[in-house]
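Chain by chain, the residues:
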Amino acid sequence: MKIERLVIYGFGRHSNVTIELVDGITVFYGKNEAGKTTIYQFILQVLFGFPPKNNQQLRYEPKSGSHYGGKVILSDERSGVVEVERIRGKSAGDVTVRFSDGTVGGQEELSEILRQYDRTAFESVFSFSLFQLQGLEQMDADELSRTLLSSGTTGIDLLMQLEKQLEKEKAELFKKSGKNPQMNVLLKELRELEDTLKVQRAKVDEYEPAVKRLEQVEQLLRENRRELQELQKGSDKLKNAQLRLPIEANRNKLAAQIDELDNTTFPPNGIREQEMLEAKKHEAEAVISRSTYQLNEIRDQLESKSQQEQSDAVEAMLVKESDWQVLQQQVVSAKADIARLKTEQHDLLGRLGATESSMKETILAVDGSVSNEQFLHKLASQVQQIERNADSYQNELQRSLELEQRTVQQLNRLEEQAPTPDEQAQALKWPSVRSRLAEAKAYVSFGKREQPQNSKTMIWMLLVIALLLSAYGVVQQQWALVIIGIVLAAVGGYGILQKAQVPSQTDEQMNEMKALLKAYEGKEELFEEVCRKTEEYTQKKKRLKLIAEEQALDRESLQEDLKGILTQKESAHKELLEALQSGGLTVSANVEIIAELFRMIRNVQNTERLLIQRGEELKQVYEKIEQHLSQAKSVLGRDVPESDLYTLIRQEARMLREAMLADNAGKERMKELTRIIQEKTLELHSFQEQEQQLFALAGADDKQSFYEAHDRYQQLQSMQLNLNGLNEQLNTFQDAEGLAGDEEQLHHLLSQVESQRRDVEQKVTDLTDERASLLHRTDALLTDDAHLLTSQLYENKKAEFNEIAFEWSSRQAAAEAIRQTMADLKDKKLPAVLERANVIFQQLTTGQYDSLSIQSDGHFHALHKDGQRFAIAELSQATKEQAYVALRLSLAGELLEQAPFPIIMDDPFVHFDAGRLSQMTELISKLAKNHQIIVFTCHETLSSHWPEAKVLNVSNVGKSPEGVAL
């Protein structure tokens, strides 16, 4: 079976794409995310169905909005060319199969074409990737055998499915250690029913004895309960008597103590009132002490001397602060103006080149009058005019040189395009050859006597045409036309002469003329073109040489004129410099700066006058500032810095105002404190009198005796409360009031009563349990028909168990037969698969390993060439992958007749080194003779191993009808 073409309607990133495959090896190459895996999944999903939406596998629905699905065109030996189309539909999609004879089928026909293989079976043999190659260590002989035997044409896959179904049904019927299978459940129920039947048979014979014993038990219960009640009453009375004894002793003791303290009195809330008075006394004393201290401190701080005069002087200074600010601003403004003027003057002097003080004095002494400026400007204008003339002549000379150079370049280019010496020689000879050629043509023509009757007319027409061409050529200066006209005229004249007399023609002349015609006939246009080209070259060369000579003469004339102008320029420039130096100026004698020069000189002189003026003004301002500082020193009594003058004056004024306010506040505070001291002294005397009255009510003289009286009163109140509590407790034990005896006697009597009570209680408990058991037993025996129902249920369960056991035995026999069949097939086919796999594995590992073998536990081992055996997990990743590839390819080869599918590989050789990769690609080339091979890879170099393969660049799929071959 071969895949001939893929038609993708819309699948993942691909849409409206057609890809042609070949029978041998087809390589899909592309970088990461180019869409290789998308095409790989397209093949699998179109053939075996789209995965459900909740499945882990991706559905690759198109991103561009195209129709979901596509077609795979297959070529099969049994079915011919088949078109499999799958589009969006139910969960797996709607599939349509179209055969070459026009018939149409569906999923059933597709399953027949695919030999009943599903996707899992197909991927287990014919489709694998790098990730699938990494799972060989989990593969054992049973899995390999099942994969080998699951071929759709042999029916073994159905047999294996039947075996799995039988095992599943057996497990649902019975498991040795299970609980939920039907037979396990029935066995448990039968055992329980057998136990129930045994118990029910024993109960039937117990009814009559149980009824008699029930009557006896009820009578004994009534008697024992009456006795138990009497014993309980006696026990409670003795217990109350025991509790009453210590309570009576405590009550008598408390009564005696209360009688001793019966005359103690104490005012209610006395302690709390005394503590409140004590706190108030302390508070009043603290206020008096604090106020007295503050009063003395304020009195010490008050000053007797008046500061009013100093305050008035400071306030007068504050009034002049605005004048001071004006002076400061004037200083700042004057300094800024002086700095600005100096900067401007320095800039002007720098621009004038006056870097020394002597040069400054010179500039200040310069005559800046308008007449002097005009005189210098006139000299500078003359210099400028001469310079412009010199520049004009210089530019003209430059243009003349450029034109002369351009003419020389044209001559050089013309020389490069000049006719060859041979062509020039041919052009030189051609006019004489042309006339001789015309003569030869006429001579041969007359010699053969083939002139038409109107030849004379033609000759005269030829002469007229020659005359017209020559005239036109002279007028238009087309010398080629003139030459042609001369040639035609010569031919015509020769014809006329021939008409007048026909000379005798010799054979030698005829041969000479024929030889000339043979040499030049048919080449006239070529020689005419050579003549024209040579003539044009000659004329252009003459013209360019004439132009070059004229330009050389112009250049020499301009050079002479320029020398004279430069001499004038030097003389005028020298005269201007002398005039500037005589005026004390050393700047450049450029006419453009004369006006600017005098403007800057006048600005320098003006800034000097302004600097002198602003300096005088600044001096006057400083004198006024010194007057302010002297007045401030006399007022404040110390030297004051100029920058902080009015800040310090304002501080002094604020301090003086605060001091005066503080004196007034101190006097008011003294009055307030005096009043507070008087009030608190009166309150203190009142609190002391109230405390003495409280001591008198408690019968105490001082604070210590007052607290002792309170303690005695509290003790009396506590005793009285305890006495009342004891009396209440005794009232609860009135039933034991008449019992006499001490504690030991009462304890002995209580022990006897409790012993009797416990004995009676045990009897009642035993009789109650026995009565309940007898009642339950007799009621159950009287009303229970469970024995009959249990027997019927037991027989029904037994029959059901026998039926299920028969079903289990049938399935066991069928499963055993299938396993035996599988074992027989395994013994026949597995050795051939392993033998083929060993050959492939030995080739892939370049002889490092001899074979793959199956151990007793069913897992694979690799035999190294030195005889050592390695488990698959012990091999390197690449060697494991090579072993897996060997088994996969061996299986595919063994199943070739039953399942001739293409082999699809998705980059499975990443870990192979160069040598083993070469062996792998050689092996695939051999397999391609029997199998179609489809390889997906992101490694461009892999395709070079298969020069005969068709290589498709997946990045270009969709840009052309098929992928572009590398």
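Rules of the game
Residues numbered from 1 in each chain as written. Predicted model: local features only at pLDDT ≥ 70, side-chain atom pairs only at ≥ 80, totals over all residues. Heavy atoms only, no water. Core = buried A, V, L, I, M, F, W, Y, C linked by side-chain atoms within 4.5 Å. Buried < 20%, exposed > 50% of the residue type's maximum accessible area, 1.4 Å probe, protein only. Contact = heavy atoms within 4.5 Å. Helix = DSSP H or I, 4+ residues; strand = E, 2+ residues; numbered from the N terminus. Expected span 1.5 Å × (residues − 1). Polar contact = N/O pair within 3.5 Å; in protein donor to acceptor, adjacent residues only side chain to side chain. Pairing = 2+ DSSP bridges. Axes fitted to C-alpha atoms, helices over the stretch in contact; angles between N-to-C directions. UniProt positions renumbered as here; feature names shortened; annotations may be inferred. Salt bridge = Lys/Arg side-chain N within 4 Å of Asp/Glu carboxyl O. pLDDT = per-residue confidence, 0-100.

Draft legend 1. Inspection of the nonpolar core at higher detail. Of all hydrophobic cores here, the largest spans 84 residues; its most connected members are L6, I19, F28, F126, L889, M920 and I933. With near-sequence residues (within four places) excluded, F28 lies in contact with I19, L21, K36, I39, I934, V935, F936, T937, L952 and V954. Listed in part, the 22 residues of the second largest apolar core include W324, L327, A334 and Y646.

Draft legend 2. Representation of helix α24 (residues 877-894). Taking 1.5 Å of rise per residue, 18 residues should cover 26 Å, and α24 covers 26 Å from first to last C-alpha, within 8% of that figure. The element α24 is extensively covered by neighbouring structure, given that 16 of its 18 residues are classed as buried.

Draft legend 3. Quick look at the side chain of H931. The topology assignment puts H931 in the loop between α25 (914-927) and β13 (933-937). For H931, a relative accessible area of 3% gives the class buried. A polar side-chain atom of H931 sits 3.3 Å from the main-chain carbonyl oxygen of F901. Apart from the residues lying within four places of it in its own chain, the contact partners of H931 are K2, D23, G24, A892, G893, L896, F901 and I903.

Draft legend 4. Spotlight on the sheet that holds strand β12 (residues 903-906). The five strands are arranged β8-β12-β13-β3-β14 in an open sheet whose pairing can be described as parallel. The strands lining the two open edges of the sheet, one partner per strand, are β8 (127-129) and β14 (950-953). Sheet twist, expressed as the mean angle between neighbouring strand axes with direction ignored, is 15 degrees. Bridge count between strand β3 (residues 25-29) and β13: five bridges; the pairing is parallel. Counted as the bridge partner of Y29 is T937 from β13. Running at roughly 170 degrees to β8, α24 makes contact with β8 and β12 of the sheet.

Draft legend 5. Fine view of the UniProt feature "transmembrane region" (unreviewed entry) in the chain. Following the UniProt record, the feature "transmembrane region" (unreviewed entry) maps to residues 458-475 and 480-497 here. Secondary structure content for residues 458-475 is 100% helix and 0% strand, while the C-alpha to C-alpha distance between its ends is 26 Å. Secondary structure content for residues 480-497 is 100% helix and 0% strand, while the C-alpha to C-alpha distance between its ends is 26 Å.

Draft legend 6. Structural view of unusual backbone geometry. Non-glycine residue R115 carries a positive phi angle of around 60 degrees. Secondary-structure assignment places R115 in the loop between α2 (107-113) and α3 (119-125). Unusually for a residue other than glycine, T846 sits at a positive phi of about 50 degrees. Looking at the secondary structure, you find T846 in the loop between α23 (786-844) and β9 (849-854).

Draft legend 7. Local environment of the pattern of salt bridges. The final tally for this structure, using the stated rule, is 26 salt bridges. Note that E404 is salt-bridged to R555, the shortest N-O span being 2.6 Å. Taken together, the residues E404 in helix α13 (residues 370-416) and R555 in helix α18 (residues 524-582) connect sequence positions 151 residues apart. For R555, a relative accessible area of 18% puts it in the buried group. In this structure, E761 engages R757 in a salt bridge whose closest nitrogen and oxygen atoms are separated by 2.4 Å. Here E761 and its partner R757 are both found in helix α22 (residues 743-783), four residues apart, which amounts to about one turn of the helix. Taken together, the shared-partner salt bridges in this structure form one network comprising D337, R340, E344, R614 and E617.

Draft legend 8. Structural detail: the sheet that holds β9. What the three strands build is an open sheet, ordered β9-β10-β11; its pairing is antiparallel. Two strands close off the open sheet at either side, each with one partner strand: β9 and β11 (869-871). Averaged over neighbouring strand pairs, the angle between their axes works out to 30 degrees when direction is ignored. Here β9 pairs with strand β10 (residues 860-864) via five bridges, running antiparallel.

Draft legend 9. The side chain of T845, seen in detail. In this fold, T845 is placed in the loop between α23 and β9. Exposure remark for T845: the relative accessible area of 0% places this residue in the buried category. A distance of 3.4 Å separates the side chain of T845 from the backbone nitrogen of Y849, its partner in a polar contact. Contacts of T845, omitting those with residues within four sequence positions, involve Q882 and R916.

Draft legend 10. Structural view of the environment of I8. As for its position among the elements, I8 is in strand β1 (residues 2-11). For the pair formed by I8 and G69, sequence separation is 61 residues and the distance between their alpha carbons is 6.5 Å. Other than its neighbours up to four places away in sequence, I8 contacts H14, S15, N16, V17, F42, G69 and G70.

Draft legend 11. Layout of the confidence of the model for the chain. Summarising the model, the chain shows a mean pLDDT of 77, and 82% of its residues fall at 70 or more. Low pLDDT, under 50, characterises residues 148-155; the stretch is placed with 30 contacts to residues that sit more than four places away or in other chains. Residue range residues 960-966 is modelled with pLDDT below 50. Its contacts to residues more than four positions away, or to other chains, number 18 contacts.

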